[in-house]
Structures are given as structure tokens and as C-alpha cells.
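Listed here are the chains, written in short residue letters.
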Amino acid sequence: MTLVEATNILANKYPGRVVTGYWVQGKDYILNTKLLSALQGVTAPGQFVVTEEGNVYGTNPVRSNLDISDMKTI
């Protein structure tokens, strides 16, 4: 799976979210997102895992052992 495919899967399941960065863990992508409304000042970040099989589920930095300095920005 590519990053573009992962972001498209997320967009289909959770429309209205903008991907601001990502991590790669094995074959999975963890996408850091904000709601479109957050771009206008309302903060609502959220991380989602998109698996190789196309499954999407929410996560957080502790649960997925994420380091913000490792995030690749978009």
C-alpha cells in the first residue's frame, strides 16, 4: 500500500479530515489528522492506523508508541 492509497482509505471512512503527517510501522500507516474545522482554529487532532488490508481504526501516541519527532509532515 502507498501513502496515497492509505490517505484515500481514511478519507472514504472519515470524510472531513485532513492528513497533516504520518508514521510508517511495518506495512501500516499511522496518519495524523485534523478536522477541516481545525484549520479554522478549532483544534481536534487524531491519529488513525490504516492497515495493509485497508482497515482503519483510531489510535493515540501512547498506544502506538509514536514519537512526534519521527512524524513525516505533509
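These numbers come from a predicted model, not from an experiment.

The rules behind each value
- Positions within a chain are numbered from 1, following the residues in the order the chain's sequence is written.
- A pLDDT threshold of at least 70 governs which residues receive local features in this predicted model, and a stricter bar of 80 or more applies before side-chain atom pairs are shown or counted, although totals over entire chains, interfaces and linings include all residues.
- Only hydrogens and water are set aside; all other atoms, that is, all heavy atoms of the structure, feed into the side-chain values.
- Helix and strand assignments come from DSSP, with helices taken as H or I runs of at least 4 residues and strands as E runs of at least 2, each series counted from the N terminus.
- Exposure classes here rest on a 1.4 Å probe applied to the protein chains alone. A residue is buried below 20% of its type maximum, exposed above 50%, and partly exposed in between.
- Note on contacts: a residue pair is in contact if any heavy atoms of the two residues lie within 4.5 Å.
- Every accessible area reported is derived by Shrake-Rupley at a probe size of 1.4 Å, with residue values counting cover from the shown protein chains alone.
- Pairing of aromatic side chains here covers Phe, Tyr and the six-membered ring of Trp, requires ring centres within 6.5 Å, and sorts the geometry by plane angle: under 30 degrees stacked, over 60 edge-to-face, intermediate tilted.
- Here, strands pair whenever DSSP counts at least two bridges between them.
- Note on definitions: angles span 0 to 180 degrees between N-to-C directions of axes, and those axes are lines fitted to C-alpha atoms, for helices only across the stretch in contact.

## A short note on the overall build of the protein chain
Phase 1 of the analysis: Regarding its fold elements, the protein chain presents one helix and five strands.
Phase 2 of the analysis: Taken over 74 residues, the protein chain has a buried fraction of 32%.
Phase 3 of the analysis: Sequence separation of 24 or more characterises 40% of the internal contacts of the protein chain that already satisfy a separation of 6 or more.
Phase 4 of the analysis: Element-wise, carbon and sulfur atoms account for 52% of the exposed surface of the protein chain, whose accessible area totals about 4600 Å².

## Side note on the packing of aromatic side chains
Phase 1 of the analysis: Applying the stated criterion across every chain, the model contains two aromatic pairs.
Phase 2 of the analysis: Ring centres 4.7 Å apart and planes at 35 degrees place the aromatic pair Tyr14 and Phe48 in the tilted group. Here Tyr14, found in the loop between α1 (3-13) and β1 (17-25), pairs with Phe48, found in strand β3 (residues 46-50); they are 34 residues apart in sequence, far enough to count as distant.
Phase 3 of the analysis: Tyr14 sits in the partly exposed class, given a relative accessible area of 29%.
Phase 4 of the analysis: Residues Tyr22 and Tyr29 carry aromatic rings whose centres are separated by 6.1 Å and whose planes lie at 55 degrees to one another, so their mutual orientation is tilted.
Phase 5 of the analysis: By relative accessible area, which is 12% here, Tyr29 ends up buried.

## A closer look at the sheet that holds strand β4 (residues 56-59)
Phase 1 of the analysis: Overall, antiparallel pairing links the five strands, which are arranged β4-β3-β2-β1-β5 in an open sheet. The open sheet has two free edges, formed respectively by β4 and β5 (72-73), since each of these has just one partner strand.
Phase 2 of the analysis: In terms of strand pairing, β3 meets β4 through four bridges, oriented antiparallel. By the bridge assignment for β4, Val49 is matched with Tyr57.
Phase 3 of the analysis: Of the strands in this sheet, β1, β2 (28-35), β3 and β4 are in contact with α1, which crosses β2 at around 50 degrees.

## Description of the pairing of β3
Phase 1 of the analysis: Buried residues dominate β3, accounting for five of its five residues.
Phase 2 of the analysis: Along β3, one buried face is formed by Gly46, Phe48 and Val50 and the opposite face, lined by Gln47 and Val49, is buried too.
Phase 3 of the analysis: Bridge count between β2 and β3: five bridges; the pairing is antiparallel. From the neighbouring strand, Asn32 faces β3, where its bridge partner is Gln47.
Phase 4 of the analysis: A loop of five residues connects β3 with β4, the two strands running antiparallel in sequence, and Gly54 in this loop sits at a positive phi of about 90 degrees.

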